[in-house]
Amino acid sequence: VQLQASGGGLVQPGGSLRLSCAASGSTFSIYVMGWYRQAPGKQRELVATITKGGYTVYADSVKGRFAISRDKAKKNTVYLQMNRMKSEETAVYYCNARTSTITSKDEYWGQGTLVTVSS
């Protein structure tokens with residue numbers, strides 16, 4: 001599975017940004033996709049995930065402001081709509097996918113996209 005993330009950039013505090021992640025390869029085995037972020041000097045943390053069935057999980061810090069969704073046509077593309085962004089959310093955002101088959105479970109990461117929240 002390969003993950004291609006896009007959409008990062010500079011946004012002002014209080015502004016919005018949308019990230020995209022497209023999966024390719026053996027996507028039939030993907031059962032959950034999501035976004036994680038890593039700020040300078042901090043550990044990588046969960047932002048949001050969405051299962052194949054559409055069940056979502058959010059970090060408490062982003063509930064009500066961020067929304068993860070799956071493209072209705074391109075099932076292996078997920079989006080992260082980020083609203084009312086805060087300066088402390090400056091980080092590299094990573095797309096993640098987890099797969100499961102009869103023989104193995106694996107985890108894949110995209111290359112990361114930098115989001116800078118600053119005026």
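Everything here concerns the structure above.
Below or above, wherever it landed, is the structure these notes cover. (Residues numbered from 1 in each chain as written. Predicted model: local features only at pLDDT ≥ 70, side-chain atom pairs only at ≥ 80, totals over all residues. Heavy atoms only, no water.)

The next thing to look at is the overall build of the chain. Each helix and strand counted, the chain has zero helices and eleven strands in total. The globule rule puts the C-alpha radius of gyration for 119 residues at 14 Å, and the 14 Å found for the chain is close to it. Principal axes of the C-alpha set define a box for the chain whose edges measure 50 × 30 × 25 Å. The proportion of buried residues among the 119 residues of the chain is 42%. (Helix = DSSP H or I, 4+ residues; strand = E, 2+ residues; numbered from the N terminus. Rg over C-alpha atoms; globule rule 2.2 N^0.38 Å. Buried < 20%, exposed > 50% of the residue type's maximum accessible area, 1.4 Å probe, protein only.)

As a further point, take the nonpolar core. With 29 residues, the main nonpolar core has Met33, Trp35, Leu80, Met82, Met85 and Tyr93 as its most contacted residues. Once residues within four sequence positions are removed from consideration, methionine 33 is found in contact with Leu3, Cys21, Ala23, Thr49, Ile50, Ile68, Arg70, Asn76, Val78, Cys95, Asn96 and Ala97. (Core = buried A, V, L, I, M, F, W, Y, C linked by side-chain atoms within 4.5 Å. Contact = heavy atoms within 4.5 Å.)

This part is about the sheet that holds strand β8 (residues 77-82). Pairing in this open sheet of four strands is antiparallel, and the strands run β1-β3-β8-β7 from one edge to the other. Where the open sheet ends on each side, the last strands, each with one partner, are β1 (2-6) and β7 (66-70). The average angle at which neighbouring strand axes cross in this sheet is 15 degrees, direction not considered. Pairing between β1 and strand β3 (residues 17-24): five bridges, direction antiparallel. Each residue of the ladder has a partner; that of alanine 5, found in β3, is cysteine 21. (Pairing = 2+ DSSP bridges. Axes fitted to C-alpha atoms, helices over the stretch in contact; angles between N-to-C directions.)

Turning our attention to the state of the cysteines. Scanning all chains against the criterion turns up one disulfide. Here cysteine 21 engages in a disulfide with cysteine 95; their sulfurs sit 1.9 Å apart. Here the S-S torsion is close to -85 degrees, and the disulfide linking cysteine 21 with cysteine 95 is therefore left-handed. Of this pair, cysteine 21 sits in strand β3 while cysteine 95 sits in strand β9 (residues 91-100), placing them 74 residues apart in sequence. A single burial state applies to cysteine 21 and to cysteine 95, both of which are buried. (Disulfide = S-S within 2.5 Å.)

We now examine the environment of tryptophan 109. Structurally, tryptophan 109 is set in strand β10 (residues 105-109). Look at tryptophan 109 and you get partly exposed, because its relative accessible area is 35%. With 14 residues separating them in the primary sequence, tryptophan 109 and cysteine 95 have C-alpha atoms 5.7 Å apart. Leave out the neighbours within four places in its chain, and tryptophan 109 touches Leu3, Tyr36, Arg44, Tyr94, Cys95 and Asn96.

All chains considered together, the criterion is met by two aromatic pairs. An angle of 70 degrees between the planes, with centres 5.1 Å apart, marks the rings of tyrosine 36 and tryptophan 109 as edge-to-face. Residue tyrosine 36 is found in strand β4 (residues 30-38), and its partner tryptophan 109 is found in strand β10; the two are separated by 73 residues along the sequence. Classification of tyrosine 36 as buried rests on a relative accessible area of 13%. Judged by centre distance (6.4 Å) and plane angle (90 degrees), the rings of tyrosine 94 and tryptophan 109 are edge-to-face. In this pair, tyrosine 94 sits in strand β9 while tryptophan 109 sits in strand β10, placing the two residues 15 residues apart along the sequence. Through a chain of ring-to-ring contacts, the aromatic side chains of Tyr36, Tyr94 and Trp109 assemble into a single cluster. (Phe/Tyr/Trp six-rings, centres within 6.5 Å; stacked < 30°, edge-to-face > 60°.)

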